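Residue strings, one per chain:
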Amino acid sequence: MTSFDSSPQLSVWRALLALAVVFVMLATTGWTAVRHNKDAASPLDAALSAWERGSIDGRALPDPDAPAGRLAHFFASLDVKQRNRLAARYPLAVGNMNGAPAKLRYRANHIALGQARKVERQRMHDNRLSPAGQQEAERRMKRFGVMMRPGRQVLAFDPMGSGRMAEVFGDLDKARRVSVVVPGVDTNVLTFERTFRKYSAPVGMAKSLYQAERSVKPRTRTAVIAWADYTAPVGIGVDAATAMRAEDGAVRLDAMVRGLPGRTPVALYCHSYGSVVCGVAARSLPARVSDIAVAGSPGMRADSASQLGSGARIWATRDSDDWIQDVPYMEVGGLGHGADPVSGAFGARVLSAAGAVGHTGYFEPGTESLRNFAAIGTGSYHGVQCASGGDACRKGFSGEAAA
């Protein structure tokens, strides 16, 4: 296994490379692009505005930005017919509302997907679009149709731009432990699920983890969320080298976790740029987040695990041929994401990734990284395998944690 410790010469080289990257990016894209790249307004905003003006049987609807607990109390005060009427009337709003019952969100998002599918079918024949635009509309139309199939549990959906989405595997209401997969760059509604290299996409990652957790501890009810409900960077460019996308994603991730039902422990599995999102979110996440595991991380916007300000256990893993290890682990002028999470100085619990290949192989069945993730997700901490081959990453554990 490749050592995670860098020589002084390599550290100097990476520092120089980082500075070169800074100057190239600023020269080619401009600092204004780095600082002022804003998303266009989402149709979700229009749906929320309509909700704010709406009512149910003469009763005003609550602020959609209210704390999840308050919204949960509101929905609990309604009968089934009233809840379903709201889902049908405001599908995008209800489908993305943290605090709304999970099954109601699934129902609302099924409706929203159907509406978005009709829009894309019309765009397929819109002569104002280029042939490439019409082909993309067809791909989106097909993707939305797949997500509407029986049994799909879509927890969040926004068709705006490249799109955002989240899906649940398992019974979220009955789960004793919940895992959340946070993916990295180039994640959108079209890459949310793949047939080829399926374990590199959020759905494949989450399904693989869910099945591995059931194998590790069959009697423990778990649920896994493929959470692509933030606008991820496109490619390895300025957005991927800064924390702008991560800052917005961190707010959304925190809100989602706070809106989950029950008080079950939550573990986060953050891949690539997703680990930047988790690093930025770490300080504000609720105490129910028991574990944060990063894989193939470019950094967590911190110099050490303790600097994250989280009470969660911090785990890190990287396979020996992941190209991410050649990224400069530093932050200069807002570019870069800080220290290497698998370095000894960072202080994370470093896991074995034996069997994983490349940057996207961590959730492949049969890999030690996946087995380790499943052990963490089920509270079977005594079963994790450390990168060193010893027991350093299990320090402080004396058996399984309570569910």
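This text goes with the structure placed above it.
Residues numbered from 1 in each chain as written. Predicted model: local features only at pLDDT ≥ 70, side-chain atom pairs only at ≥ 80, totals over all residues. Heavy atoms only, no water.

Participant: Honestly, the pairing of strand E4 (residues 164–169) in this entry has me stumped. Any pointers?
Facilitator: Put simply, side chains in a regular strand alternate between the two faces of the sheet. Of all the six residues making up E4, six are buried; the element is thus mostly covered by neighbouring parts of the structure. Residues Arg164, Ala166 and Val168 point to one face of E4 and Met165, Glu167 and Phe169 to the other, with burial holding for every one of them. Hairpin connection of strand E3 (residues 154–158) to E4: five residues between the antiparallel strands, including Gly161 at a positive phi of 60°. Taken together, the five bridges between E4 and strand E6 (residues 222–228) define a ladder with antiparallel strand orientation. Paired with Phe169 across the bridge in E6 is Val224. (Buried < 20%, exposed > 50% of the residue type's maximum accessible area, 1.4 Å probe, protein only. Helix = DSSP H or I, 4+ residues; strand = E, 2+ residues; numbered from the N terminus. Pairing = 2+ DSSP bridges.)

Participant: Help me understand the packing of aromatic side chains in this model?
Facilitator: Two aromatic rings are characterised by how far apart their centres lie and by the angle between their planes. For the coordinates displayed, the defined rule picks out 11 aromatic pairs. Measuring from ring centre to ring centre gives 6.3 Å for Trp51 and Phe74, while their planes differ by 85°; the resulting arrangement is edge-to-face. With Trp51 in helix H3 (residues 43–53) and Phe74 in helix H4 (residues 68–76), this residue pair connects regions lying 23 residues apart in the sequence. The burial state of Trp51 is the same as that of Phe74; both residues are buried. Ring centres of Phe363 and Phe373 lie 5.1 Å apart, and the angle between their planes is 40°; on these two criteria the pair is classed as tilted. Of this pair, Phe363 sits in the loop between strand E10 (349–350) and helix H13 (368–377) while Phe373 sits in helix H13, and the two are 10 residues apart along the sequence. For Phe363, a relative accessible area of 2% puts it in the buried group. Taken together through their ring pairs, the aromatic side chains of Trp51, Phe74, Phe75 and Tyr90 make up a single cluster. One cation-aromatic arrangement involves Arg349 over Trp315; the distance from NZ or CZ to the ring centre is 5.6 Å. (Phe/Tyr/Trp six-rings, centres within 6.5 Å; stacked < 30°, edge-to-face > 60°. Lys NZ or Arg CZ within 6 Å of the ring centre and 35° of its normal.)

Participant: Before we go on, may I ask you to explain helix H7 (residues 102–123) in this structure?
Facilitator: Given a rise of 1.5 Å per residue, 22 residues ought to cover 32 Å, and the 31 Å separating the end C-alpha atoms of H7 matches this to within 8%. Burial in H7 covers these residues: Ala102, Leu104, Arg105, Tyr106, Ala108, Asn109, Ala112, Leu113, Gly114, Ala116 and Glu120. Structurally, H7 contributes buried residues whose contacts are with H4, helix H5 (80–89), helix H6 (91–95), helix H8 (131–147), E3 and E4. (Expected span 1.5 Å × (residues − 1). Contact = heavy atoms within 4.5 Å.)

Participant: Which parts of the structure should I look at to understand the packing of helix H11 (residues 244–258) against helix H12 (residues 273–281)?
Facilitator: Each packed pair of helices is defined by two parameters, the angle between the axes and the distance between the axes. Where H11 contacts H12, the two axes come as close as 8 Å, and the packing angle between them is 60°. Taken as axis vectors, H11 and H12 run oblique relative to one another. Crossing hand, H11 versus H12: right-handed. Seen from H11, the contacting residues are Met244, Arg245, Ala246, Glu247, Gly249, Ala250 and Leu253; seen from H12, they are Tyr273, Val276, Val277, Cys278, Val280 and Ala281. For the contact of H11 with H12, the residue count by class is 10 nonpolar, one polar and two charged. (Axes fitted to C-alpha atoms, helices over the stretch in contact; angles between N-to-C directions. Parallel < 35°, antiparallel > 145°, perpendicular 65-115°, else oblique. Left-handed = near helix turned anticlockwise from the far one by under 90°. Nonpolar A, V, L, I, M, F, W, Y, C, P; charged D, E, K, R; others polar.)

Participant: Mind showing me how you'd approach the state of the cysteines here?
Facilitator: What is meant by a disulfide is a covalent connection between two cysteines, made through their sulfur atoms. All told, the structure shown has two disulfides when counted by the stated rule. Through a disulfide, Cys270 is tied to Cys278; the S-S separation comes to 2.1 Å. Handedness of the Cys270-Cys278 disulfide follows from its S-S torsion of about -90°: it is left-handed. Judged by its relative accessible area of 0%, Cys278 falls in the buried class. Note that Cys386 is cross-linked by a disulfide to Cys393, the S-S spacing being 2.0 Å. A torsion of -85° about the S-S bond marks the disulfide between Cys386 and Cys393 as left-handed. When sorted by exposure, Cys386 lands in the same class as Cys393, which is buried. Sequence-ordered numbering of the bonded cysteines in the protein gives a disulfide pattern of 1-2, 3-4. (Disulfide = S-S within 2.5 Å.)

Participant: Just checking my understanding: could you explain the pattern of salt bridges for this structure?
Facilitator: Where charged atoms of side chains with opposite charge meet at close range, the side chains can pair. The final tally for this structure, using the stated rule, is 16 salt bridges. Across the pair Asp126 and Arg128 runs a salt bridge, and its minimum N-O distance is 3.0 Å. Classification of Asp126 by relative accessible area gives buried; the value is 18%. Salt-bridge contacts for Glu368 lead to Arg371; the nearest nitrogen and oxygen are separated by 3.4 Å. Of this pair, Glu368 and Arg371 both sit in helix H13, three residues apart, which is roughly one turn of the helix. In this structure Arg371 comes out as partly exposed when scored by relative accessible area, which is 44%. Beyond isolated ion pairs, a larger network of salt bridges with shared partners links Arg143, Arg152, Glu167 and Glu193. (Salt bridge = Lys/Arg side-chain N within 4 Å of Asp/Glu carboxyl O.)

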